[in-house]
Amino acid sequence: MERLSSSAPIPAHLRGSVMALGNFDGFHAGHQAVVGRAIARARAEGRPAIVATFDPHPMRLFQPDTPNFRLTTLDQRESLFARAGADAMLVFDFTAALAALDPAAYVALLTDQLGVSAVITGEDFTFGRARRGTVASFGELGLASEAVAAVTDREGVISSSRIRAALQAGDCATATRLLTRPFAIKGIVQHGDKLGRTIGFPTANIDLGPYLRPAYGIYAVRGLLPDGRVLDGAANLGIRPSFDPPKELLEPHFFDFAESLYELAIEVQLIHYLRPEAKYDGLDPLIAQIAQDCADARQILAGTPRLA
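Residues numbered from 1 in each chain as written. Predicted model: local features only at pLDDT ≥ 70, side-chain atom pairs only at ≥ 80, totals over all residues. Heavy atoms only, no water.

### Brief notes about helix 10 (residues 283-302)
With 20 residues, helix 10 extends 28 Å from end C-alpha to end C-alpha; this agrees with the ideal 28 Å at 1.5 Å per step. Every buried residue of helix 10 is listed here: L286, D293, C294, A297 and L301. Down the axis of helix 10, the sector holding all buried residues measures 105 degrees, keeping them to one side. Residues of helix 10 that are exposed and point over 90 degrees away from its buried face: D284, Q299 and A302. (Helix = DSSP H or I, 4+ residues; strand = E, 2+ residues; numbered from the N terminus. Expected span 1.5 Å × (residues − 1). Buried < 20%, exposed > 50% of the residue type's maximum accessible area, 1.4 Å probe, protein only. Arc of directions from axis to C-beta.)

Okay, structure coming up:
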């Protein structure tokens, strides 16, 4: 799948597209409905299907001090959009200039510069200066559009906010259900202080970067390696209170695995929250607890189907 920028010319073979337009950070069930409708319409009309997203997230412009909240990286979104069937991902560089466009200028950007023939959005999509543009504005300004209804469950509308709240509460099951896949943190494995190796539980250290911080604690996890292998494990996500100084990391230990992962980009799925972080007096109780966590994680993962 091709990755495009809103500031660069659109290749001729991708002009005339049907575009799914939104942020799609979590790419949860509701986002999937919007993108799925765009792809279906594109296929029916013989047009390319493009999924547009924003980077940085608009909240970073309007509320720059907001704590980290992302559910996916651009790379993860690109992979998810490709698997959904899109032909390309277009990234809008969300700047003050883009935010200040009036609706007519915004639509002209879509039609003239980007060659869009129709847009598909969620019902609550707004755009342009002071969010004056609505779904109705597209049609009024001559751009074909469709609004896809929100996807709901018994608790209400499926949203990124609900997923963030679930993760912050350690509720991996709810997050997985709303996302239709486990929440996953992707990052480069760093060299650390190698303390885990000295106590028999080597870990892969991953910085949490721009991701939302789920509940600190111990998780049953699955690691997705670049070569396609899937590893079961247990991970500490947090600040490691038994070690000084505190350092915020995701530290998965993969069972029955001894290969080096340094400098590889791996994805770690949070499958089940086992317990909060704790501080131990000495290595012996710490080692005993890690062994118990690994045993618990093995049992949970043995009964949990793998979801990509």
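Let's pick the thread back up.
### Some details on the pattern of salt bridges
All chains considered together, the criterion is met by 19 salt bridges. For the salt bridge of D25 with R164, the shortest nitrogen-to-oxygen distance reads 3.3 Å. With D25 in the loop between strand 2 (17-21) and helix 1 (29-45) and R164 in helix 7 (residues 160-168), this residue pair connects regions lying 139 residues apart in the sequence. Like D25, the residue R164 is buried in the burial classification. We note a salt bridge from E259 to R229, for which the minimum N-O separation is 2.9 Å. With a gap of 30 residues between them, E259 in the loop between strand 12 (249-254) and strand 13 (265-275) and R229 in the loop between strand 10 (217-224) and strand 11 (230-238) connect regions that are remote in the sequence. On the basis of relative accessibility, which here comes to 45%, the residue E259 falls in the partly exposed class. One connected set of salt bridges, linked through shared partners, spans R37, R41, E45, R47 and E146. (Salt bridge = Lys/Arg side-chain N within 4 Å of Asp/Glu carboxyl O.)

### Considering the sheet that holds strand 3 (residues 49-54)
Ordered in space as 1-4-3-2-5-6, the six strands form an open sheet in which the pairing is parallel. This sheet does not close on itself; its edge strands, each paired only once, are strand 1 (2-5) and strand 6 (144-148). Strand-to-strand twist in this sheet, taken as the mean axis angle between neighbours without regard to direction, amounts to 25 degrees. Relative to strand 5 (residues 116-122), strand 2 runs parallel, the two being bridged by four bridges. Each residue of the ladder has a partner; that of A20, found in strand 5, is I120. Together, strand 2, strand 3, strand 5 and strand 6 form the strand contacts of helix 1, whose direction differs from that of strand 2 by roughly 175 degrees. (Pairing = 2+ DSSP bridges. Axes fitted to C-alpha atoms, helices over the stretch in contact; angles between N-to-C directions. Contact = heavy atoms within 4.5 Å.)

### Concerning the packing of aromatic side chains
Inspection of the entire model under this criterion finds ten aromatic pairs. When the ring of Y106 is compared with that of F127, the centres are 4.7 Å apart and the planes differ by 45 degrees; the resulting orientation is tilted. Here F127 lies in the loop between strand 5 and helix 6 (135-140) and Y106 lies in helix 5 (residues 103-113), a separation of 21 residues in the sequence. Taking the relative accessible area as the measure of exposure, Y106 reaches 3% and is therefore buried. Taking the relative accessible area as the measure of exposure, F127 reaches 3% and is therefore buried. With a centroid separation of 5.1 Å and 70 degrees between ring planes, the pair formed by Y219 and Y273 is classed as edge-to-face. (Phe/Tyr/Trp six-rings, centres within 6.5 Å; stacked < 30°, edge-to-face > 60°.)

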